[in-house]
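What the coordinates show
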Amino acid sequence: MLTSIIGFPRVGTLRELKFATEKYFRGEISACELQQTAKNIRQTQWATLKNSGLDFIPSNDFSFYDCTLDTAVLFNIIPERYKKLNISELDTYFAMARGYQGENGDVKALAMKKWFNTNYHYMVPEIEDTTEIKLAGTKPFEQFNEAKALGVKTKPVIVGAFTLLKLIRYTGSKQAEDFCDDIIKAYSDLLAEFSKLDAEWVQFDEPYLVHDLNKEDIALFNKLYNGIISNKKSIKLLLQTYFGDVRDIYNQLTAFDFDGIGLDFIEGKKTLELIEKNGFPEDKLLFAGVVNGKNIWKNNYKKTLALLSELKTKGINTVISSSCSLLHVPYTLKNETKLSAEYTSHFSFAEEKLIELAELKFLTDTDNFENETAYIANCKLFENRTNCYDDAVQKRVAGIQEKDFTRLPEFNEREKIQKKEFELPILPTTTIGSFPQTSDVKANRSSFKKGNISEKEYNEFNRKKIAECISLQEEIGLDVLVHGEFERNDMVEYFGEQLNGYLFTEKAWVQSYGTRCVKPPIIWGDVSRSKPMTVEWSVYAQSLTDKLVKGMLTGPVTILNWSFPREDISIKESTYQIALAIRDEVLDLEANGIKVIQIDEAALREKLPLRKSDWYCEYLDWAIPAFRLVHSGVKAETQIHTHMCYSEFTDIIPAIDQMDADVITFEASRSDLLILDSLKKNNFKTEVGPGVYDIHSPRVPSVEEIENAITKMLEKISIDKLWVNPDCGLKTRGETETTASLKNLVTATKNLRNKIK
Ligand code: GLN
Ligand code: ZN
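Summary of the structure given here. (Residues numbered from 1 in each chain as written. Chains lettered and ligands numbered in written order. Predicted model: local features only at pLDDT ≥ 70, side-chain atom pairs only at ≥ 80, totals over all residues. Heavy atoms only, no water.)

1. Some words on the overall build of the protein
In plain terms, the rule: Helical segments are the DSSP runs of H or I of at least four residues, strand segments are the runs of E of at least two, and each set is numbered from the N terminus. Atoms counted for the radius of gyration: C-alpha only. Globule rule: 2.2 Å times residue count to the power 0.38. In this analysis, two residues are considered to be in contact whenever any of their non-hydrogen atoms come within 4.5 Å of each other. In this description, accessible areas are obtained by the Shrake-Rupley approach with a 1.4 Å probe, and a residue is regarded as covered only by the protein chains that are shown. In this tally, Asp and Glu contribute negative charge and Lys and Arg positive charge; neither His nor the terminal groups of the chain are included. Working definition for charges: the position is that of NZ of Lys, CZ of Arg, CG of Asp or CD of Glu.
Check the secondary structure of the protein and you find 28 helices and 24 strands. Computed over C-alpha atoms, the radius of gyration of the protein comes to 27 Å, within 12% of the 27 Å expected from 2.2 N^0.38 for 757 residues, which places it in the range of a compact globule. Overall, the C-alpha framework of the protein stretches about 75 × 60 × 55 Å when taken along its three principal axes. Within the protein, counting contacts between residues at least 6 apart in sequence, those at least 24 apart form 79% of the total. As displayed, the protein offers around 30,600 Å² of accessible surface, 49% of which is attributable to carbon and sulfur atoms. In the protein, which carries 96 positive and 112 negative side-chain charges, the distance between the mean positions of the two groups comes to 1 Å.

Written out as structure tokens, the structure is:
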């Protein structure tokens, strides 16, 4: 069998591209130097792929920022406002990615959205009525030639026409339909060009096909590919899907004259069933996504070989492939020096996945593969993972009862009790938790990590920051205060580092967007808490003031969603384990006099299934109870807050209400407060703070602006339910703008309180 991958990470093994690009943004290196770094990364990568023995080596999977953006630019889908800047091609591209402010104008970036169900973000291309779609760029051809010159024959990869048209924002009156002919022509021209360059295969990525598709979607797909395929000439076309199965279009797909179809066997729950029921055409290659492109665990050869042999028995011509681009896993285990082999032998990052593909290829081609060392060693790994189980944790999870998911008394009664207990003014003011992580805060942490200062010195500094933060908030006149989160590097890492069952890497970065990478921790085993994690800080902060101080925790769903999860138990079970650990922390905070506790679920939406039909049964039906499990044990007098980032939950409002928090704050300031209508329509019971200003910009909102925002909110939310707060944590902001903004927030609220009286 042959082997293939869908794409490879591109920021460089040690994030070289990120650093070079940021230098370029700061004007420290030239465009030429940046291009050179990029070229080096590509060349090293092609060499790595070739040396691994991989048969289908991708090209054009490299990008300076994002491949969807690259595809838009390739086809001239560039809004006028960027063209008008009249700057170089590369700078126009970066202007679309991150905005431009300079001599030639002032434009905001394109919107950025989560790439399907990953933590990668793509730039949302915009089509205007005047946009003339045509093949206008050369990047895929240049990169194909660049590899060819190195003796590497590649399979160019490009976002497919259907997915592109589905992801685009149409800013004028024209819709996808109106651009079909031009798109077909542009993709056909692309194929013609590759045919001239003597390319054998071209891969079109069509992940959008794994959604629930309606008739119009299928008609659009058919129209596009009827057109494109009739122009494919000598090129072999690989139609690549990932992140799920293609149940709504399988039969149409296999009837088209594609030369290869890529299907996901990892996340595609129905992929095998579709093949068994409907067959797979003999004249095509099946690119079987059997090596997980999203997680970091070693492939289970026994299972994979059984599947591959089943496909072979059916007479299907199979290529062994990754389930999605390897973009979503870190580069290499080679740089992890601190984790012992006991752990790392179970992991497989992008480079190790290449070895897996080569071994699987070898094993499928070998009779009696059971006797081969690679096979035996792999089987052992799955028998030997023993130091990850904790009986006490498992017993506790098994013992969870229905009543543990229900907080009593019910919301309405609690609301009355809390109002009486706290005597907060109407429109209470608060913040989301973090205060500016200024350079002294970061320096303190890094000195401690390097061992330059003692734990005592580290803690003393943080206590000083907390004290300053409390008096600042008192001076500003906020009602519910926070300690400022100076001790936290990251809202998940901070907890992961203290929980049993978690592992941390040194260099295992994964691109999140553009030049931003994240280093998700790994859930190795059963998770538990051995001691309080935040109590000391919160209690200290509360001791400094008569006002209420909110305890600040991260919720179980977010902790799980921003980690690499286990594959030997379900994510539901892992989440319940984390929920119980955080529950203990909640109860400890309460026992130590903390009356308001916020449990952040910033990333609740992250793992929402792509198919709407799966939203509840696959995810929300356990994710929402997991949150309730965390807080159901507190007294009626204890007020539970939660916070969610991105207001993209208009469509799951009832589920959010079922979290049964007392107060929720979220980011609505950038979405024209559309979500408020949905809250009203759904009779949302939870008290809400929709965020009166956008913290993602250094701009200081005026008193008037905030008054207007609150007034607008009051049209949809009753006054006894509305909270006033910024829309997210303040850690990325500077001190001056933060103080000024919060002062305006309090003044605006007081003005309104006076008016309303
Ligand atoms: N409490 C966290 C903070 O204020 C929440 C961060 C987030 O929502 N991403 O930073
Ligand atoms: Zn947030």
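2. So, the sheet that holds strand 23 (residues 663–666)
Rules: Note: two strands are recorded as paired if DSSP finds a minimum of 2 bridges between them. All axes are obtained by fitting lines to C-alpha atoms, using only the stretch in contact for helices, and the reported angles, taken between N-to-C directions, cover 0 to 180 degrees.
With parallel pairing, six strands are arranged side by side in an open sheet as 15-20-21-22-23-24. With one partner strand each, in any of the chains shown, strand 15 (480–481) and strand 24 (687–689) form the two edges of the open sheet. Sheet topology note: the strand 15/strand 20 (residues 548–554) ladder contains two bridges and is parallel. From the neighbouring strand, Val480 faces strand 20, where its bridge partner is Leu548. Its contacts with the sheet put helix 17 (residues 411–422) on strand 20, strand 21 (596–600), strand 22 (639–644) and strand 24, and the angle it makes with strand 24 is roughly 65 degrees.

3. Some words on the packing of helix 2 (residues 31–51) against helix 6 (residues 139–149)
Our working rule: With respect to orientation, any angle under 35 degrees is reported as roughly parallel, any angle over 145 as roughly antiparallel, any angle of 65 to 115 as roughly perpendicular, and every other angle as oblique. Helix crossings are classified by the rotation of the near helix relative to the far one: an anticlockwise turn of less than a right angle makes the crossing left-handed, while a clockwise turn makes it right-handed. Polar here means any residue other than Ala, Val, Leu, Ile, Met, Phe, Trp, Tyr, Cys and Pro, which are nonpolar, and Asp, Glu, Lys and Arg, which are charged; Gly is therefore polar.
The contact between helix 2 and helix 6 brings their axes to 10 Å, and the two run at 55 degrees. The orientation of helix 2 relative to helix 6 falls into the category oblique. Relative to helix 6, the crossing made by helix 2 is right-handed. Touching Lys39, Arg42, Gln43 and Trp46 of helix 2 are Gln143, Glu146 and Ala147, all from helix 6. Residue composition of the contact of helix 2 with helix 6, grouped by class: two nonpolar, two polar and three charged.

4. Structural notes on the site of ligand 1
As a reminder, the rule being used: Here a residue is considered near a molecule or strand provided that any single heavy atom belonging to it is located within 4 Å of it. Whenever two N or O atoms come within 3.5 Å, that pair is a polar contact, provided that in protein one can donate a hydrogen and the other can accept it, and provided that, for residues adjacent in sequence, both atoms are side-chain atoms.
Within the structure, ligand 1 sits among 13 residues, and Ser434, Glu485, Asp600, His643 and Cys645 are positioned closest to it. Measuring from a nitrogen atom of ligand 1, one finds a backbone N or O atom of Ile432 at 3.1 Å. Here His643 contributes a side-chain N or O atom positioned 3.0 Å from an oxygen atom of ligand 1. In isolation ligand 1 has 300 Å² of accessible area, and contact with the protein removes 94% of it.

5. Concerning helix 8 (residues 176–196)
Side chains of residues three or four places apart in an α-helix project in the same direction, reflecting 3.6 residues per turn. Test applied: Helix span, expected: 1.5 Å multiplied by one less than the number of residues in the helix. Note that the bend at a residue is defined as the angle between axes fitted to the seven residues ending at it and the seven residues starting at it. Partly exposed residues are those whose accessible area sits between 20% and 50% of the maximum for their type, while under 20% is buried and over 50% is exposed, using a 1.4 Å probe and protein chains only.
In a regular helix each residue adds 1.5 Å, so 21 residues correspond to 30 Å; helix 8 covers 29 Å between its end C-alpha atoms and thus fits that length. Of all the bends in helix 8, the largest measures some 35 degrees and sits at Asp182. Looking only at helix 8, the buried set comprises Ala176, Phe179, Cys180, Ile183, Ile184, Ala186, Tyr187, Ser188, Leu190, Leu191, Phe194 and Ser195. Just downstream of helix 8 lies Asp198, where phi reads positive at about 75 degrees.

6. Overview of the nonpolar core
Short version of the rule: Throughout this description, the term nonpolar core refers to a set of buried Ala, Val, Leu, Ile, Met, Phe, Trp, Tyr and Cys residues connected via side-chain atoms within 4.5 Å.
In this structure, Phe204, Phe221, Leu224, Tyr225, Phe258 and Phe347 are the most contacted members of the largest nonpolar core, which totals 135 residues. Here the element with the most residues in this core is helix 8; it accounts for 10 residues. Ignoring sequence-local partners within four residues, the contact set of Phe221 consists of Phe162, Glu206, Leu209, Leu239, Ile249, Leu253, Phe256 and Phe258. Counting 94 residues, the second largest nonpolar core, distinct from the first, contains Ile523, Leu553, Leu589 and Trp622.

7. Some thoughts on the pattern of salt bridges
Side chains bearing opposite charge may pair, as long as their charged atoms lie close to each other. The cut-off we apply is this: Here, a salt bridge means any side-chain nitrogen of Lys or Arg that lies within 4 Å of a carboxyl oxygen of Asp or Glu.
Using the criterion set out here, one finds 51 salt bridges in the structure. Among the salt bridges present, the one from Arg611 reaches Asp212, with a minimum N-O distance of 3.1 Å. Placement of Arg611 in the loop between strand 21 and helix 24 (615–631) and of Asp212 in the loop between strand 10 (201–205) and helix 9 (215–229) is noted, with a sequence separation of 399 residues between them. Between Lys284 and Asp283 there is a salt bridge, with the nearest N and O atoms lying 4.0 Å from each other.

8. Focus on the coordination of the zinc ion (ligand 2)
The condition that has to hold: Counted as donors are the N, O and S atoms within 2.8 Å of the metal, or 3.2 Å for Na, K and Ca, while water is not among the atoms, so some sites may look incomplete. A four-donor site is classed as tetrahedral when every donor-metal-donor angle falls between 85 and 135 degrees; four donors are called square planar, and six octahedral, when trans pairs exceed 155 degrees and all remaining angles lie between 65 and 115, with any other arrangement labelled irregular.
Surrounding the zinc ion (ligand 2) are the protein donor atoms His643 (NE2), Cys645 (SG) and Cys728 (SG), at 2.1 to 2.2 Å. Coordination at the zinc ion (ligand 2) is irregular: its four donor atoms span angles of 82 to 121 degrees at the metal. Judged by relative accessible area, Cys728 falls into the buried class, the value being 14%.

9. Topic: the sheet that holds strand 1 (residues 2–4)
Read across the sheet, eight strands follow the order 1-14-13-12-11-10-8-2 without closing on themselves; strand pairing throughout is parallel. One side of each edge strand has no neighbouring strand; the edge strands of this open sheet are strand 1 and strand 2 (57–59). Between one strand axis and the next, the sheet turns by 30 degrees as a mean value, whatever way the strands run. Sheet topology note: the strand 2/strand 8 (residues 154–159) ladder contains three bridges and is parallel. Bridge pairing in strand 8 places Ile57 opposite Thr154. Packing of helix 2 onto the sheet brings it into contact with strand 2 and strand 8, and relative to strand 2 it is tilted by some 160 degrees. Most of the contacts of helix 12 (residues 301–313) go to strand 13 (residues 285–291), to which it runs at about 165 degrees, and overall it touches strand 13 and strand 14 (317–322).

10. So, the pairing of strand 11 (residues 236–240)
Inclusion rule: Assignment of crossover handedness uses the view with strands pointing away from the viewer, where a clockwise path from the first strand over the helix to the second indicates a right-handed crossover.
With four of its five residues buried, strand 11 lies for the most part within the structure. Where strand 10 lies against strand 11, five bridges are found, and the strand directions are parallel. Residue Gln203 lies in a different strand from strand 11, and its bridge partner there is Leu238. Here strand 11 pairs with strand 12 (residues 260–264) via three bridges, running parallel. Counted as the bridge partner of Leu238 is Gly260 from strand 12. As a crossover connection, the stretch from strand 11 through helix 10 (residues 250–255) into strand 12 is right-handed.

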